[in-house]
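# Structural description and commentary
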Amino acid sequence: MSLGAVAVLANIALVAGVVLFTTGQGLNGSPGPSPTTAATRTATRSPLPSRTAVPTTPPTLTAAAVLATRPAVTVAVLGDGTGDEPGEWVGVWARLLGQDRSVMLHGLDPADPTQYAAAERLGSGARTAVVYNGSRRGASADYAAKRLQFLVPRAPDVVLLNYGRDDTAGVVAGQLDMTLRALRAAWPQVPVVVVLQPPTRDDTSAPVRSAVAGWARGRALQAIDVAAAFRAAGDPNSFVSVTDPPSVNARGGRLWAEAVQRALEHLPVGVREGQR
């Protein structure tokens, strides 16, 4: 009797399985699980977000053309701790802009670097410039990617990227891509200029600088070779800060700012980035 009952139950189960497989329904007509349910669930999992390609179409105007032709400009400097303090290159460069402009320099608050401190007024003249110095110690090249609304509170006319001290050669290009992608999404035609930082002591930063230079070429971005200006001025080690070795001393800050200013002044108006 027991063997007969088992045989009957086995036959019922077999028939139910065949019906379920061929019709997708149970014996009572109710929907059953698809024979490919597991595979379908695997195939329909949300894919990882794709990395949108960074546009390489150059802006219509270079940074030099913008600075030369517009009476009022907004400049955003996004960078690391080599430009975040008074006397370092960003502040010195803002003073150079102040030779023929009224400049408002905004720097991050040292006590709370998630906000800007009171602006510093520099220079005079009918033409104006607003500089947002979003440089922060320890910031890697992707730091600004998710912080643009805070670091650049108004549409910029020019953006300078100054990263490298807190990055490695193997990752800096991908991190810069993240920042550039965010910039292009917000302001597709803003001229972006890449600063190739001067040497650290004994130029241990050379591999990172080389990676940044290669990235800038691949993205058709203007690069300012500040390192070359330091080498031309003498022993680069003489410009390294004694108290803050990743940064440069006061002479180095001046040389750095002058190199940036010369590069932006000497580019012919109308020359497109990536076509020099």
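Cut-off values and rules
Residues numbered from 1 in each chain as written. Predicted model: local features only at pLDDT ≥ 70, side-chain atom pairs only at ≥ 80, totals over all residues. Heavy atoms only, no water. Core = buried A, V, L, I, M, F, W, Y, C linked by side-chain atoms within 4.5 Å. Buried < 20%, exposed > 50% of the residue type's maximum accessible area, 1.4 Å probe, protein only. Contact = heavy atoms within 4.5 Å. Helix = DSSP H or I, 4+ residues; strand = E, 2+ residues; numbered from the N terminus. Salt bridge = Lys/Arg side-chain N within 4 Å of Asp/Glu carboxyl O. pLDDT = per-residue confidence, 0-100. Axes fitted to C-alpha atoms, helices over the stretch in contact; angles between N-to-C directions. Parallel < 35°, antiparallel > 145°, perpendicular 65-115°, else oblique. Left-handed = near helix turned anticlockwise from the far one by under 90°. Nonpolar A, V, L, I, M, F, W, Y, C, P; charged D, E, K, R; others polar. 1 Å grid on protein atoms, 1.4 Å probe; cavity = no way out; pocket = protein on both sides within 12 Å on 5 of 7 lines; lining within 4 Å. Points joined across faces, edges and corners; volume = space filled by probe spheres on them. Polar contact = N/O pair within 3.5 Å; in protein donor to acceptor, adjacent residues only side chain to side chain.

Core analysis: the biggest nonpolar cluster contains 34 residues, and V75, W89, W93, L160 and V260 have the highest contact counts within it. Apart from the residues lying within four places of it in its own chain, the contact partners of W89 are V77, T82, G83, L160, N162, V195, G253, W256, A257 and V260.

Mapped onto the secondary structure, V92 falls in helix α4 (residues 89-97). Overall, V92 belongs to the buried group, its relative accessible area being 12%. C-alpha of V92 to C-alpha of A250: the two residues are 158 residues apart in sequence and 9.6 Å apart in space. Residue contacts for V92: discarding those within four places in its chain leaves G87, G253, R254 and A257.

Attention now moves to the pattern of salt bridges. The full count for this structure, using the stated rule, is 8 salt bridges. Residue D100 pairs with R127 through a salt bridge whose shortest N-O separation is 2.9 Å. Taken as a pair, D100 in the loop between α4 and β2 (102-109) and R127 in the loop between β4 (120-123) and β5 (128-135) lie far apart in primary sequence, 27 residues in all. Between R209 and D203 there is a salt bridge, with the nearest N and O atoms lying 2.8 Å from each other. The class of R209 is buried, set by a relative accessible area of 12%. For D203, a relative accessible area of 25% corresponds to the partly exposed category. Look at the salt bridges and you will find they share partners, linking E85, R137 and D244 into a network.

Below, the discussion takes up the confidence of the model for the chain. Low-confidence regions, as indicated by low pLDDT, have predicted coordinates that should not be scrutinised in detail. Summarising the model, the chain shows a mean pLDDT of 83, and 75% of its residues fall at 70 or more. Predicted confidence is poor over residues 1-50, with pLDDT under 50, and the contacts of this stretch with residues over four places away or in other chains come to 16 contacts. Contacts of residues 267-276 to residues separated by more than four positions or lying in other chains number 28 contacts, the stretch itself having pLDDT below 50.

Attention shifts here to the packing of helix α6 (residues 172-186) against helix α7 (residues 206-218). It is at 9 Å that the axes of α6 and α7 come closest, and there the two elements cross at 45°. Between α6 and α7, the angle is such that the two are oblique. You can see that α6 and α7 cross each other, and the crossing is right-handed. Where α6 approaches α7, its residues V172, A173, L176, D177 and L180 are matched on the opposing element by V208, A211, V212 and W215. Here the residues of the contact of α6 with α7 sort into 8 nonpolar, no polar and 1 charged.

By volume, the largest pocket is sized at about 400 Å³. What lines the largest pocket is a set of 22 residues, among which D84, E85, P86, G107 and L108 lie closest to the centre. Elements represented by at least two residues in the lining of the largest pocket include exactly α4, β2 and β5. Here the lining of the largest pocket takes 5 residues from β2, the largest share from any one element. Split by residue class, the lining of the largest pocket holds 8 nonpolar, 7 polar and 7 charged.

Space left empty within the atom packing is revealed by a probe, the size of a water molecule, rolled over the atoms. In this structure the tally under the stated criterion is 1 cavity of 30 Å³ or more. Of the voids in this model, the largest cavity is the one considered here, and its volume is about 70 Å³. Around the largest cavity, the lining residues are Y163, G164, R165, V195, L196, Q197, P198, S205, V208, R209 and V212. Among the secondary structure elements, those contributing two or more residues to the lining of the largest cavity are β7 (192-196) and α7.

Relative to the assigned elements, H106 resides in strand β2. Setting aside its immediate chain neighbours within four residues, H106 contacts Y116, A119, V130, V131, Y132 and N133.

Structurally, the position occupied by N249 is in the loop between α8 (226-232) and α9 (250-266). Residue N249 is classed as partly exposed on the basis of its relative accessible area, which comes to 22%. Put simply, N249 and E88 are 161 residues apart on the chain and 7.8 Å apart in space, counted from C-alpha to C-alpha. Once you skip the residues sitting within four places of it in the chain, N249 turns out to touch S238, F239, V240 and S241. Here the side chain of N249 touches R251 through a polar contact of 3.3 Å, landing on its backbone nitrogen.

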